[in-house]
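So you can see what is in the structure, the chains are spelled out below.
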Amino acid sequence: MNEKGHSLVVTMLIITIFLLLGLTIMSVAIYQARFTEVRVEDVESLHEATKAIEETIAEMKVAISKPSFELSTPGNLDTQLAVLLPDLENRYGVKIQDVTSTDDYNINRNKLFTRVFLLSKSYGNKTVERRVILTNTPSFLKYTLGSREDVVLNGGAYIEGNIYAEKNAYVTNVANYIDNSLKYMKQTSFPTTSTTTSKNSVLFVNGSYFSCDHAKNDCYNIAGNIFQRIAENYSNDIRFQSQAPSIRKEREEFIEVDFEWTVKDKLLNAAGMETFSPEYNNYINKRIDQLFTELLPPDQDSDQDLEQDSYQSSDQDLDQEQNSPDQGQNQEQQRFVVLKSVSELRQNIDSIDRSVILQSKDSSLFFLDQGELNLQNKWLIINGDLFLGNSVNTPTKVRGNIIVFGDLTINGDIELDSTIYVFGRLDSPNVPGRTLIYNANITGDKEVVLLSRGPLEIARINEFENNLSLEPPNLKGYFYTESNATVYAVGSYINIQGGLFARGDTSSTAPDFDVSGLVINAYRGAAEKQGGSIIFTPPSSLDHKEESRFVIRHDPSVFINRGKGLPFVKKLSLIVDKLTVK
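Just so it is clear, the model here is predicted, and its values are computed rather than measured. (Residues numbered from 1 in each chain as written. Predicted model: local features only at pLDDT ≥ 70, side-chain atom pairs only at ≥ 80, totals over all residues. Heavy atoms only, no water.)

Visitor: Tell me what's going on with the overall build of the protein, and back it up with residues and numbers.
Guide: Along its length, the protein carries 9 helices and 35 strands. Split into buried and exposed, the 582 residues of the protein put 51% on the buried side. Pairs at least 24 residues apart make up 64% of the contacts formed inside the protein by residues separated by at least 6 positions. When the accessible surface of the protein is summed, it comes to about 27,200 Å², and 48% of that surface belongs to carbon and sulfur atoms. (Helix = DSSP H or I, 4+ residues; strand = E, 2+ residues; numbered from the N terminus. Buried < 20%, exposed > 50% of the residue type's maximum accessible area, 1.4 Å probe, protein only. Contact = heavy atoms within 4.5 Å. Areas by Shrake-Rupley, 256 points an atom, 1.4 Å probe, with all protein chains shown as cover.)

This is the structure:
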């Protein structure tokens, strides 16, 4: 009897355990089903919110491309937006917040066409948000790297942002370089692009794309003193190291820079004329050399002391204008202050209330190589060549926009908060101005935007520096050339926060190469000079993007920080920042 009772107890216990186990499994299954249902609803809500924002942005792009949005005045733009934006909010259920005039941006909406909006839509207890910038600036500022001709990426660059090749794109895992005037090739990694959950890099290629693996077949030979591609060793595909961009054609219209028109526009702005004003329209279609001459004060080339007419208070200028028998002539006399030297500029900058022209019969080269120069809202016009650098241990600081009618050289440590246009000599209109940036470290609170009508050369930046990382940058800015460009980051270490764009010139090729457009050469790993040659040490893994000797990261804040200094174009475009979830 006792045995039967014991067996009953054991049986009941086993049944109870299995019952509890079954209930637990059922509870877990129910919880997982409910969790999955909530998760699916959450994902679907996120997708719907993201889709609503994307459709709103697409509608905005269509609207601003219509002829009715042709630029006239900033006030008229706001009137048009006041009709468009509420309609989009109602249709897509998004919130569009205009933050243009807030403390974070502080954009003068009475003078600029730039507008900043935050588009957001809630889902659950979270919010999807995206910043968009409406601006009338050229398309090259949207890309990290690019050309209207070919783009060639040789070796292990790290690229954060989008790449644009209007014609063809070529990618290899070999870094070409020059040492002691001799040309060499060094195998390394393929380039790497950023891939994040918020925004992936895109390679826009409107032509074809090719890649070559130097480990299998040589990608180049050296003939005629240039690096020539071995076409049969390139395959019709694209290869990147560990992280690759998505590849597509660019469907949006490329808004070009009209370099000469832009420089004339900025010169007239510097003279105090608002874009599209009647006075401005009387000048804008003249040749640039004629325009410059007419804007100069009379007799500025004489041997008299140029300071004599330069330093008058605003009240004195106003009295002279009111009492002058020829008010128009007197106004032209006061458009610019003309000085002979940088030292004169430094001594009198605080008392000058107009833009400044530097020119001298004694020298066509001007040095800004020490101290600080704050031009505030004034422009500096250099009629000659300009050297920017530091001749002392502290960085030279320059704040203000500059036009160079000559060549530009940047060397050493310099902090720039400027837009710089390098046009070339006015007496040689067919010879575009050249820009050389060598052994330089360009920093500052804001980035420089540098546009060169002629060739742009970036060389010997932090040469044989092996303390490599993705941050901080040593060149902070956007660099543009109307010509072709070749960049070597093999012994150099180049880290750019901004962008690099070579429009391309089909009448010639990029220096040392057989294509027109932009060529980047980058080694990944350490490099040092020993016994007259360069010794390379690859990283433990070629996937280590932190050891790239060429790093470039796009920074959309340029559209906000540079304001009136940016190139003016007659079409609006929309710059879309990354998607965030809060």
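Visitor: Outline the packing of aromatic side chains, supporting the account with residue identities and numerical values.
Guide: All told, the structure shown has 27 aromatic pairs when counted by the stated rule. Look at Y164 and F501: their rings are 6.4 Å apart centre to centre, the planes differ by 20 degrees, and that puts the pair in the stacked class. Pair noted here: Y164 is in strand β7 (residues 163–165) and F501 is in strand β30 (residues 494–502), with a separation of 337 residues, a long-range link. Taken individually, Y164 and F501 each receive the classification buried, so the pair is uniform in this respect. Centroid distance F276 to Y280: 6.4 Å. Interplanar angle 80 degrees. Geometry classified as edge-to-face. Judged by relative accessible area, which is 29%, F276 ranks as partly exposed. According to the relative accessible area criterion, Y280 is buried, its value standing at 1%. Taken together, the aromatic side chains of F140, Y143, Y164, F204, F254, Y480 and F501 make up a single cluster linked through ring pairs. (Phe/Tyr/Trp six-rings, centres within 6.5 Å; stacked < 30°, edge-to-face > 60°.)

Visitor: Go over the environment of R399, please, and point to the residues and values.
Guide: Tracing the sequence through the fold places R399 in strand β22 (residues 396–404). In the structure, R399 is positioned 45 residues away from G444 in sequence and 9.5 Å away in space, judged by C-alpha atoms. R399 has contacts with L373, N374, L375, Q376, D417 and S418, leaving out every residue within four places of it along the chain. In terms of polar contacts, R399 uses its side chain to reach the side chain of N374, at 3.3 Å. (Polar contact = N/O pair within 3.5 Å; in protein donor to acceptor, adjacent residues only side chain to side chain.)

Visitor: For the side chain of S147, give the residues involved together with the corresponding values.
Guide: Within the secondary structure, S147 sits in strand β4 (residues 145–147). There is a polar contact of 2.7 Å between the side chain of S147 and the backbone oxygen of A502. Those residues in contact with S147 that lie beyond four places of it in its chain are Y164, A165, E166, F501, A502, R503, G504, G517 and L518.

Visitor: Before we move on, can you summarise the pattern of salt bridges with the specific residues and values?
Guide: The full count for this structure, using the stated rule, is 28 salt bridges. For the salt bridge of K167 with E149, the shortest nitrogen-to-oxygen distance reads 2.7 Å. With a gap of 18 residues between them, K167 in the loop between β7 and β8 (169–172) and E149 in the loop between β4 and β5 (150–155) connect regions that are remote in the sequence. For K167, a relative accessible area of 37% gives the class partly exposed. Here R239 makes a salt bridge to D213, at a shortest N to O gap of 3.2 Å. Of this pair, R239 sits in the loop between β15 (226–229) and β16 (246–248) while D213 sits in the loop between β13 (209–212) and β14 (220–223), and the two are 26 residues apart along the sequence. (Salt bridge = Lys/Arg side-chain N within 4 Å of Asp/Glu carboxyl O.)

Visitor: Describe the state of the cysteines, naming the residues involved and giving the relevant values.
Guide: A complete count under the given rule lists 1 disulfide for this structure. The residue that forms a disulfide with C212 is C219, at a sulfur-sulfur distance of 2.2 Å. Between C212 and C219, the S-S torsion sits near -95 degrees, and that sign places the bridge as left-handed. Take C212: its relative accessible area is 1%, and that puts it in the buried class. Given a relative accessible area of 0%, C219 falls into the buried group. (Disulfide = S-S within 2.5 Å.)

Visitor: Give me the sheet that holds strand β3 (residues 126–135): which residues, what numbers.
Guide: On the basis of which strands lie adjacent, the open sheet formed by 4 strands has the order β1-β2-β3-β35 and antiparallel pairing. Unpaired on one side and paired on the other, β1 (95–98) and β35 (573–581) mark the two borders of the sheet. Averaged over all adjacent pairs, the angle separating strand axes in this sheet is 20 degrees, with direction ignored. Where strand β2 (residues 115–123) meets β3, 9 bridges bridge the pair, whose relative direction is antiparallel. Bridging across to β3, L119 finds its partner in R130. Strands β1, β2 and β3 of the sheet are contacted by helix α2 (residues 74–92), whose axis makes an angle of about 10 degrees with β2. (Pairing = 2+ DSSP bridges. Axes fitted to C-alpha atoms, helices over the stretch in contact; angles between N-to-C directions.)

Visitor: Pulling in residues and values, what's your account of helix α3 (residues 259–270)?
Guide: Spanning 12 residues, α3 covers 16 Å between terminal C-alpha atoms, matching the ideal 16 Å at 1.5 Å per step. The element α3 is extensively covered by neighbouring structure, given that 11 of its 12 residues are classed as buried. Along α3, the positions that sit buried rather than exposed are F259, W261, T262, V263, K264, D265, K266, L267, L268, N269 and A270. Downstream of α3 by one or two residues, G272 has phi in the positive range, about 95 degrees. (Expected span 1.5 Å × (residues − 1).)

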